[in-house]
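# Survey of secondary and tertiary structure
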Protein chains: 2
Amino acid sequence: MLEIEIKAYCENHDDVIEKIKSVGGRLVKKADNLDIYYRHPSRDFTRTDEAFRIRAEDKRTLLTYKGPKLGVRSKTRFEREIVFEGLDAMKEILEKLGFAVAGEVRKTRAYYRLGEVEICLDSVDSLGNFVELEIKGDDREAGENTLFEIAGKLGLSRFERKSYLELLLEK
Amino acid sequence: MLEIEIKAYCENHDDVIEKIKSVGGRLVKKADNLDIYYRHPSRDFTRTDEAFRIRAEDKRTLLTYKGPKLGVRSKTRFEREIVFEGLDAMKEILEKLGFAVAGEVRKTRAYYRLGEVEICLDSVDSLGNFVELEIKGDDREAGENTLFEIAGKLGLSRFERKSYLELLLEK
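Residues numbered from 1 in each chain as written. Chains lettered and ligands numbered in written order. Predicted model: local features only at pLDDT ≥ 70, side-chain atom pairs only at ≥ 80, totals over all residues. Heavy atoms only, no water.

Our focus in this paragraph is the overall build of chain A. Across its full length, chain A holds five helices and eight strands. Each helix (α) and strand (β) of chain A, taken in turn from the N terminus, gives the series β-α-β-α-β-β-β-α-β-β-β-α-α. C-alpha extents for chain A along the principal axes are approximately 50 × 30 × 30 Å. With 171 residues in all, chain A has 51% of them scored as buried. (Helix = DSSP H or I, 4+ residues; strand = E, 2+ residues; numbered from the N terminus. Buried < 20%, exposed > 50% of the residue type's maximum accessible area, 1.4 Å probe, protein only.)

The structure is reproduced here in structure tokens:
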């Protein structure tokens, strides 16, 4: 199972929200996210294109591993995620194992759903507004086609394959 | 906060249970445990005396880091633990990060409580019966004294500082 994903710059979220609703999408939830990204003790994730992070949402905490991006069109990658209890203890465990904080990303995210596609309207601290579209599946090409078609309907055209962390570290 | 702990060999759990009850201890729960211990991707835990494992209990899964043992009397060590959901996903995350399975320990454990002390009656696959006594705190010496005093009352006298994993790997 892959996380097939594309990301686009977006000047105005309100325009996108109207278009999501006009094609039958609905708001699922809004949440503040703090993502804490880690360096591996013996591997350079910036070279291997992997990511490992804790996400603290309003009501739950998650641990996520993302493998290298596959292909060149999208941000599709292998992803595994677990929900856990005990944010401070998890931070301590990772530090004891030699993982060091690489950077933090703070954003507010509104989750919309349109069929099998999740549409996230992100306002990222220091970076601005983005829209991420995601679908889960094994057929990358079919998934990418679906996402780019919806992106077209939402008026999105300027895409970005870099992660928020990469964009922040470049600033 | 330390996990101050001692472990003793035990021929007959029934004798110990009677003694626990006679000093006011009570059964909290029984559970089957599968502990999956991992090797670090770039550090030799058998040399650093650390441990990192997933525990699958009957009703929950835990991730635990244990630092090197402190002192020479007990198995006291720094410990942090989190509860999580998603056993298979966690295994995949650890494998992707370069952690490899070092060994597995299966046991049935009966948890008793006597004041602040947790008494675990363990029947470990391939190793036999043991009793572990544990107290949490910052004063290692005081904690050790408490545990050895209770161990005396329970008729325990043959202590072991090695972990179940170490004992299994030695066989």
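The subject of this paragraph is the interface of chain B and chain A. Contacts between the two partners involve 25 residues from chain B and, on the opposite side, 25 residues from chain A. Here chain B packs against chain A, burying approximately 2100 Å² in sum over the two surfaces, 71% of which is carbon and sulfur. Taken together, the links from chain B to chain A amount to two salt bridges. Between Arg80 of chain B and Glu92 of chain A there is a salt bridge, with its nearest N and O atoms 2.7 Å apart. Our count for the chain B to chain A interface comes out at eleven residue pairs in polar contact (both at pLDDT 80 or more). Among the elements of the structure, strand 4 (61-66), strand 5 (77-85) and helix 3 (87-96) of chain B are those that each provide at least two residues to the side of chain B that touches chain A. Of all the elements, strand 5 of chain B adds the most residues to the side of chain B that touches chain A, at seven residues. Across the side of chain B that touches chain A, the residue classes tally to 14 nonpolar, four polar and seven charged. In the sheet, strand 5 (residues 77-85) of chain A pairs with strand 5 of chain B via three bridges, with the strands oriented antiparallel. Looking across to strand 5 of chain B, one finds that Phe84 of chain A is bridged to Phe84 of chain B. (Contact = heavy atoms within 4.5 Å. Buried area = accessible area lost by both parts, 1.4 Å probe. Salt bridge = Lys/Arg side-chain N within 4 Å of Asp/Glu carboxyl O. Polar contact = N/O pair within 3.5 Å; in protein donor to acceptor, adjacent residues only side chain to side chain. Nonpolar A, V, L, I, M, F, W, Y, C, P; charged D, E, K, R; others polar. Pairing = 2+ DSSP bridges.)

Let's shift gears to the nonpolar core. Counting 36 residues, the largest nonpolar core has Phe52 and Leu63 of chain A together with Phe52 and Leu63 of chain B as the members making the most contacts within it. Leave out the neighbours within four places in its chain, and Leu63 of chain B touches Met90 and Ile93 of chain A together with Phe52, Arg53, Ile54, Arg80, Glu81, Ile82, Phe84, Met90 and Leu94 of chain B. (Core = buried A, V, L, I, M, F, W, Y, C linked by side-chain atoms within 4.5 Å.)

Scanning the entire structure with this criterion turns up eleven aromatic pairs over all chains. An angle of 80 degrees between the planes, with centres 5.0 Å apart, marks the rings of Phe148 of chain A and Phe159 of chain A as edge-to-face. With Phe148 of chain A in helix 4 (residues 140-153) and Phe159 of chain A in the loop between helix 4 and helix 5 (164-170), the pair connects residues that are eleven residues apart, well separated along the chain. Judged by its relative accessible area of 34%, Phe159 of chain A is partly exposed. An aromatic cluster is present here, built from Phe52 and Phe99 of chain A together with Phe52 and Phe99 of chain B joined pairwise through their rings. (Phe/Tyr/Trp six-rings, centres within 6.5 Å; stacked < 30°, edge-to-face > 60°.)

Because each turn of an α-helix spans 3.6 residues, side chains separated by three or four positions in sequence point in the same direction. All names here are of chain B. Among the residues making up helix 1 (residues 13-22), those that are buried are His13, Val16, Ile17 and Ile20. Buried residues of helix 1 fall within an arc of 105 degrees about the axis and therefore sit on the same side. Across from the buried face of helix 1, at angles greater than 90 degrees, the exposed residues are Asp14, Glu18 and Ser22. Next to the buried residues of helix 1 lie strand 6 (100-114), strand 7 (117-124) and strand 8 (128-137). The residue sitting at the N-terminus of helix 1 and contributing the capping side-chain oxygen is Asn12; that oxygen lies 2.8 Å from the backbone nitrogen of Asp14. At the exit of helix 1 stands Gly24, carrying a positive phi of roughly 100 degrees. (Arc of directions from axis to C-beta.)

Moving on, we come to unusual backbone geometry. Residue and element names in this part refer to chain B. Located in the positive-phi region is Asp49, a residue other than glycine, with phi close to 60 degrees. For Ser126, which is not a glycine, the phi torsion comes out positive at approximately 75 degrees. As for its placement among the helices and strands, Ser126 is situated in the loop between strand 7 and strand 8. A relative accessible area of 57% places Ser126 in the exposed class.

Let us look at the side chain of Asp35 of chain B. All names here are of chain B. By the element assignment, Asp35 lies in strand 2 (residues 26-39). Here the side chain of Asp35 touches Arg55 through a polar contact of 2.7 Å, side chain to side chain. Excluding anything up to four places from it in sequence, Asp35 contacts Arg53, Ile54, Arg55, Gly103, Glu104, Val105 and Lys107.

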